[in-house]
2 protein chains.
Amino acid sequence: MEDNVRARIAADIATAEGVRKADLVLKGGQVFNVFTQSWETADVAIRGSRIVGIGEYEGGREIDVHGKYVTPGFMDAHVHLESSMLAPRELAKILLLNGVTTVFADPHEIANVLGVSGIEFFLEETEDMPLSVYINVPSCVPATNLDTSGAILTASDMKAVRELNPRVRGLAEMMNYVGVVTGQLEVLDKLAAFQDGVIDGHAPGLTGRDLNAYIAAGITNDHECITVAEAKEKVARGMYVFLREGSAAHNLVDLLPVLQEVDNRRCCLCTDDRHVDDLIGQGSINYLLEIGVTQGYPAEQLLPLATLNTAECFGLRGVGAVAPGYTADLNVFDDLESFQPVHVLKDGYPVVYNGRLNWTSRPVRSQAVFTMNMPPLDPSAFRIPVEEGCRLRVIGLSQNQLVTKELHKAPSVLNGEAVSDTSRDILKMAVCERHHGTGNIGLGFVRGVQLKRGAIGTTVGHDSHNLTLVGTNDEDMAVAGNKLREIGGGLVIAADGEVKATLPLPIAGLLSDRAADVVNAQLKQLLFWVHELGVPDDFSPFMVLSFLSLPVIPELRLTDRGLVDVTRFSHVPLWVGEE
Amino acid sequence: MEDNVRARIAADIATAEGVRKADLVLKGGQVFNVFTQSWETADVAIRGSRIVGIGEYEGGREIDVHGKYVTPGFMDAHVHLESSMLAPRELAKILLLNGVTTVFADPHEIANVLGVSGIEFFLEETEDMPLSVYINVPSCVPATNLDTSGAILTASDMKAVRELNPRVRGLAEMMNYVGVVTGQLEVLDKLAAFQDGVIDGHAPGLTGRDLNAYIAAGITNDHECITVAEAKEKVARGMYVFLREGSAAHNLVDLLPVLQEVDNRRCCLCTDDRHVDDLIGQGSINYLLEIGVTQGYPAEQLLPLATLNTAECFGLRGVGAVAPGYTADLNVFDDLESFQPVHVLKDGYPVVYNGRLNWTSRPVRSQAVFTMNMPPLDPSAFRIPVEEGCRLRVIGLSQNQLVTKELHKAPSVLNGEAVSDTSRDILKMAVCERHHGTGNIGLGFVRGVQLKRGAIGTTVGHDSHNLTLVGTNDEDMAVAGNKLREIGGGLVIAADGEVKATLPLPIAGLLSDRAADVVNAQLKQLLFWVHELGVPDDFSPFMVLSFLSLPVIPELRLTDRGLVDVTRFSHVPLWVGEE
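About the thresholds
- Residues numbered from 1 in each chain as written.
- Chains lettered and ligands numbered in written order.
- Predicted model: local features only at pLDDT ≥ 70, side-chain atom pairs only at ≥ 80, totals over all residues.
- Heavy atoms only, no water.
- Helix = DSSP H or I, 4+ residues; strand = E, 2+ residues; numbered from the N terminus.
- Rg over C-alpha atoms; globule rule 2.2 N^0.38 Å.
- Buried < 20%, exposed > 50% of the residue type's maximum accessible area, 1.4 Å probe, protein only.
- Contact = heavy atoms within 4.5 Å.
- Lys, Arg positive; Asp, Glu negative; His and termini not counted.
- Charge placed at Lys NZ, Arg CZ, Asp CG, Glu CD.
- Least-squares fit on C-alpha atoms with pLDDT ≥ 70 in both.
- Pairing = 2+ DSSP bridges.
- Disulfide = S-S within 2.5 Å.
- Salt bridge = Lys/Arg side-chain N within 4 Å of Asp/Glu carboxyl O.
- Axes fitted to C-alpha atoms, helices over the stretch in contact; angles between N-to-C directions.
- Parallel < 35°, antiparallel > 145°, perpendicular 65-115°, else oblique.
- Left-handed = near helix turned anticlockwise from the far one by under 90°.
- Nonpolar A, V, L, I, M, F, W, Y, C, P; charged D, E, K, R; others polar.
- Buried area = accessible area lost by both parts, 1.4 Å probe.
- Polar contact = N/O pair within 3.5 Å; in protein donor to acceptor, adjacent residues only side chain to side chain.

## Points about the overall build of chain A
Scanning chain A from terminus to terminus reveals 17 helices and 31 strands. A compact globule built from 579 residues should have a C-alpha radius of gyration of about 25 Å, and chain A, at 25 Å, falls within 12% of that. Reported as C-alpha extents along the three principal axes, the dimensions of chain A are approximately 90 × 50 × 45 Å. Burial analysis of chain A (579 residues in total) assigns 63% to the buried set. Pairs at least 24 residues apart make up 69% of the contacts formed inside chain A by residues separated by at least 6 positions. Where the 48 positive side-chain charges of chain A centre and where its 75 negative ones centre are 2 Å apart.

Laid out in structure tokens, this is it:
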């Protein structure tokens, strides 16, 4: 082993000295120097997986990059891979085509479904591929005790996960910031187990003493800032602040001015959640750079946020720069506007060449992760007998926001049952437990989905990912739900007693086992039908649905165990007496 | 253990929240924020050894620092503790009084004398004291094979040292840069053993492909820059560059302009070698800051070089900033000019209060390190019979430089022997092996010492630290040498057959076991006598002597095995035939 290291060093030295030809040389490009935040015209010499020299070099293979720009490969400081609905190796292809060579992933969703074995699945699926996937251990599985998750991760489970693989780096976003600042025992256990690693934060709006306490507990980064003042305070208190631009959360433009207030070394870029259509249409971290440049920030100031800073945040040495001894993760661009790479090198290998992917992945091993453990659904399960003299608690959607309002509405009644009423846009909703065969079904109503016919369903439902259905009638809800039960989960739309379209997500009910373009086409088909059945074009009901069962965002949510008043953090009945 | 961690976190959180009183609060100071490189008026709350909050706090103890400046404790990125001639715990006192709370030490000198046991001695002596001493393992013991060192450290010894203590961080300055860039096997072994740690550099003037090769070998910092261009290239290639201001090497003023060329995050401050008189008279890292400010650089730009940057360079988390969760190593200053701290906190304890040291050290354990293993010296040992028709190779000192010239001079002859000649300032010199009792004595002549009577001697002689003597006559040389043999080494001056003054260095012949002020007084006494015996006031013969046996600096040197022509890297005879 050490002999190998010695031989490697000897060969690297000889190559750097020009005594030995490099394996690969990028010839004559404008090379970004992240340490001086400037460009220099130079060759980049690579031996094996490493850069060995910047200067004038000859290589066994040479790629002419005159007039082009060479940067380190990009890093995403915080991402939930599951948001793409793609299996890790499919997602990797898209990320590589966009110049992302390293991601720090929080497998929060699959862990809520499958626990440790979900994380093991991710580790296995991300092994031996030309994308570095580091895993932080999800900190909040389950997120609450108000619904039924697929699994529970205790502090001791989490410590065991830490030992699984050197790519497991630390603790993922500690969302329970209330638990931290109030010193909840179970939260302290988790923090204690990861004091010597990196602990990711999630602390929206935390300030002053609360922020001090949160950071004193060992939490060293945050991706939830929405204002410059918030970002500045967090940097000043020692955090790395991740400027986020996801599919749901758009914070980048608001946060970029923080670069004028603090040393940029403590800022990174992250996507957090990015859907397959946005990945294909816009890109990943490269899209964030494109936004930054469009906003007038110099590429030289932005590039460290996507490279070296993130490496430093996570204590990774030898990645994130174009310099001797660094891993040859490199992007080549024609211009610094679109940040669409011409070539991408991972570990010295041109995994993207002339814009085309140069890597064939083995197929995903999806058979191990079928998770739909629930009885078949009969329409009668969704019946809601009227309670005389009462009104319904209805979940009221807000335009462009995840928060909901608790509405009190008179029921529409048919044969003594409360039913969906498309004229008032009050639709029946059901959350069906799908992990343990309990048969739990929580029932309620939602206003704002705007479906005029049929029913839609999804097994993506934060954070416990039970089966969520919304429909204009019980029969189509059952058809939709049973289809998902049968195919292992996914997204579905049914009408007139039949399934109109599906996006199967057989991996834990969260991820497809198909190629990205197939998944994107399935999604488009699904959205076609959704709009065909009455939903306006500018509204994405599946994304909205996926958050309606998350009992931590105010005001009213529905879980498999019934309605939750999030402001009181407790279950409430569907019916409310006349005020 | 983990319960303790949990309890610690809980108490830190409660203190940060103000629910629990802090142990100590620095009230109302101007607090330096290294992340924003700016100042804010705030209290600093400390619990145990850690900072838990910045803001408004109350403490069981409070120190009023209104109108004063609070900074992180200073770090010296590279220092040979032995240069002070003080035992580590005595040196610690001086460093603390100057606001230095962390040093990265290379015990190169003591390792050349004592090998692993010298490093163990340093580790033991630096345990449990209010100064963090990190040790990097000396990379070049011995420095060459042209003389006789006290010990040899093989790559496998060095790996063993790494396991001794978590304070052993990496490999110390790889001086054999020729060995690196030519891929010498023994050098590769050492580099291979430390690839996963920090490897310190020493690469004066290295540039281009050589520099690429040196860095590709895993070497990540350098403290030998003398020009801005050199520093800039090294930063651009990925190195941390240490701006040095020692007692011998004065590079800071020349290098400071590099801060206008590169992001300052990759620059640190170091002293390398600092003598007891300079430490007492000028200070340590705080003196470097004083110079920087005097040169017109803002304190805000300089302070990161003495704090966070150094921590990042060595991969230390949680030190180098005034922020929650950081170790409470803090300095308090009245102004930002002299950088003479009023208070110094180490691990939350006011180790310096109102300018006075608040720590009593146990005595040094010096008995284990007596090292003078040599026979008594008889004046006859220094006799040099004349070789007819030949001239002497004489070491010619250069003004204010360590390089020497090879001079060829006619001998002054008395009774058939070549003798010292004060009229031409050509004095006899001897280097006596003192580690293994070999009796080796190398003889030669030196011009430039300017002694008119007597002899001087020292056991500080880079890098093998044999006994070096220079004298006007053999008898005084023997008196001087035998005195050092008897007292365990040190510095001495003898004249007229008797010892005039000594500075005993009983610890390995390198370090005193006395207090700093005593050592300084002994040094002054010694210099008084040196000048009394003819040496001009502006010349320090002991420092010069300590480098005359180092066979890596051109042009001519004397070791215990005879003269060395450094340009040819080989021994040469004392006598040279007529040209």
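## So, the relation of the copies chain B and chain A
By a simple turn and slide, chain B fits onto chain A: the slide is 0.0 Å along the axis, the RMSD is 0.0 Å, and the turn is 180°. Put plainly, the chains are arranged around a two-fold axis. Comparing interface residues between copies, 98% of those in chain B also sit at the interface in chain A, which points to an isologous, same-surface contact.

## A word on the sheet that holds strand S28 (residues 556-559) of chain B
The strand order S28-S29-S30 (chain B) describes an open sheet built from three strands, whose pairing is antiparallel. Strand pairing shows two members of the sheet lacking a second neighbour, S28 and strand S30 (570-571) of chain B, which therefore form its edges.

## What about the sheet that holds strand S28 (residues 556-559) of chain A?
Within the open sheet, the three strands sit side by side as S28-S29-S30 (chain A). Their pairing is antiparallel. The sheet is open, and its two borders are formed by S28 and strand S30 (570-571) of chain A, each paired with just one other strand.

## Quick look at the pairing of strand S25 (residues 467-471) of chain A
All names here are of chain A. The element S25 is extensively covered by neighbouring structure, given that five of its five residues are classed as buried. Every second residue of S25 is oriented toward a common face, with Leu-467, Leu-469 and Gly-471 on one face and Thr-468 and Val-470 on the other, all of them buried. Judged from the five bridges that link them, strand S22 (residues 426-432) and S25 form a sheet pairing that is antiparallel. Each bridged residue has a counterpart across the sheet, and for Lys-428 the counterpart in S25 is Gly-471. In terms of strand pairing, strand S24 (residues 455-458) meets S25 through four bridges, oriented antiparallel. Following the sheet pairing, Ala-455 is matched in S25 by Gly-471.

## Focus on the state of the cysteines
Tallying each qualifying case throughout the model produces zero disulfides over all chains. Unpaired in this structure, Cys-268 of chain B has its nearest cysteine sulfur neighbour in Cys-313 of chain B, at a distance of 4.9 Å.

## Looking at the pattern of salt bridges
Within the structure shown, the criterion is met by 60 salt bridges over all chains. Across the salt bridge formed by Asp-189 of chain A and Arg-6 of chain B, the nearest N and O atoms sit 2.8 Å from each other. Residue Asp-189 of chain A is found in helix H7 (residues 185-193), and its partner Arg-6 of chain B is found in helix H1 (residues 2-16); the two belong to separate chains. Overall, the relative accessible area of 27% leaves Asp-189 of chain A in the partly exposed class. Here Arg-237 of chain A makes a salt bridge to Glu-40 of chain B, at a shortest N to O gap of 3.1 Å. Highlighted residues: Arg-237 of chain A in the loop between helix H9 (228-236) and strand S12 (240-244) and Glu-40 of chain B in strand S2 (residues 38-47), drawn from two different chains. When its relative accessible area of 9% is taken as the criterion, Arg-237 of chain A is described as buried. What emerges from the salt-bridge pattern is a single network uniting Asp-263, Arg-265 and Arg-266 of chain A together with Glu-312 of chain B.

## Describing unusual backbone geometry
Across the junction of His-462 of chain B and Asp-463 of chain B, the peptide omega takes the value -15°, indicating a cis bond. Inspection of the secondary structure puts Asp-463 of chain B in the loop between strand S24 (455-458) and strand S25 (467-471). For the bond running from Pro-554 of chain B to Glu-555 of chain B, omega is 15°, close enough to zero to count as cis. With respect to the element layout, Glu-555 of chain B can be found in the loop between helix H17 (541-547) and S28. Positive phi, close to 70°, is recorded for Gln-450 of chain A, a residue that is not glycine. Along the polypeptide, Gln-450 of chain A turns up in the loop between strand S23 (441-447) and S24. A relative accessible area of 26% means that Gln-450 of chain A is categorised as partly exposed. Phi is positive for Asn-354 of chain B, close to 50°, though the residue is something other than glycine. One can find Asn-354 of chain B in the loop between strand S16 (349-353) and strand S17 (356-357).

## Looking at the packing of helix H5 (residues 155-162) of chain A against H7 of chain A
Residues and elements named next belong to chain A. Close contact between H5 and H7 brings their axes to 9 Å; oriented N to C, the two are set at 15°. Overall, the two elements H5 and H7 adopt an arrangement that is roughly parallel. In the packing of H5 onto H7, the handedness of the crossing is right-handed. Counted together, Ala-155, Met-158, Lys-159 and Arg-162 of H5 and Asp-189, Lys-190 and Ala-193 of H7 form the full contact between these two elements. Its residues assigned to classes, the contact of H5 with H7 shows three nonpolar, no polar and four charged.

## Regarding the interface of chain B and chain A
The extent of an interface is frequently quoted as the accessible surface area lost upon association of the parts. Taken residue by residue, the interface counts 62 residues in chain B and 61 residues in chain A. Of the roughly 5100 Å² buried where chain B meets chain A, counting both sides, 49% is carbon and sulfur surface. Here chain B is connected to chain A by eight salt bridges. Of the charged contacts, one joins Arg-265 of chain A and Glu-312 of chain B as a salt bridge, the two residues approaching to 2.9 Å between their closest N and O atoms. Taken together, the links from chain B to chain A amount to 26 residue pairs in polar contact (both at pLDDT 80 or more). If you list the elements that add at least two residues to the side of chain B that touches chain A, you get H1, strand S3 (50-55), helix H6 (177-181), helix H7 (185-193), helix H8 (208-216), helix H9 (228-236) and helix H14 (308-313) of chain B. Broken down by element, the side of chain B that touches chain A gets its largest block of residues, nine residues, from H1 of chain B. In terms of residue class, the side of chain B that touches chain A is built from 31 nonpolar, 13 polar and 18 charged.

## What to know about the pairing of strand S8 (residues 132-137) of chain A
Residue and element names in this part refer to chain A. With six of six residues buried, S8 is to be regarded as a mostly interior element. Neither face of S8 is left uncovered, since the one carrying Ser-132, Tyr-134 and Asn-136 and the one carrying Val-133, Ile-135 and Val-137 both have all their residues buried. Direction of pairing for strand S7 (residues 100-105) relative to S8: parallel, over a ladder of four bridges. By the bridge assignment for S8, Phe-104 is matched with Tyr-134. Both S8 and strand S9 (residues 168-174) contribute to a ladder of three bridges, which runs parallel.

## Quick word on helix H2 (residues 88-97) of chain B
Residues and elements named next belong to chain B. Burial of H2 is extensive: nine of the ten residues sit out of reach of the surface. Within H2, the full set of buried residues consists of Pro-88, Arg-89, Glu-90, Leu-91, Ala-92, Lys-93, Ile-94, Leu-95 and Leu-96. Just past H2, the residue Gly-99 takes up positive phi, approximately 85°.

## Structural notes on the environment of Glu-127 of chain A
Residue and element names in this part refer to chain A. In this structure, Glu-127 sits in the loop between helix H4 (116-125) and S8. Note on Glu-127: relative accessible area 32%, which makes it partly exposed. C-alpha of Glu-127 to C-alpha of Arg-89: the two residues are 38 residues apart in sequence and 9.4 Å apart in space. Excluding residues within four positions of it along the chain, Glu-127 makes contact with Arg-89, Asn-165 and Arg-167.

## Digging into the side chain of Arg-265 of chain A
For Arg-265 of chain A, the location among the structural elements is in the loop between helix H10 (252-255) and strand S13 (267-270). Arg-265 of chain A sits in the buried class, given a relative accessible area of 2%. At 2.9 Å, the side chain of Arg-265 of chain A and the side chain of Glu-312 of chain B are in polar contact. Apart from the residues within four sequence positions on either side, Arg-265 of chain A is in contact with Tyr-240 and Asn-309 of chain A together with Gln-37, Asn-264, Arg-265, Leu-308, Asn-309 and Glu-312 of chain B.

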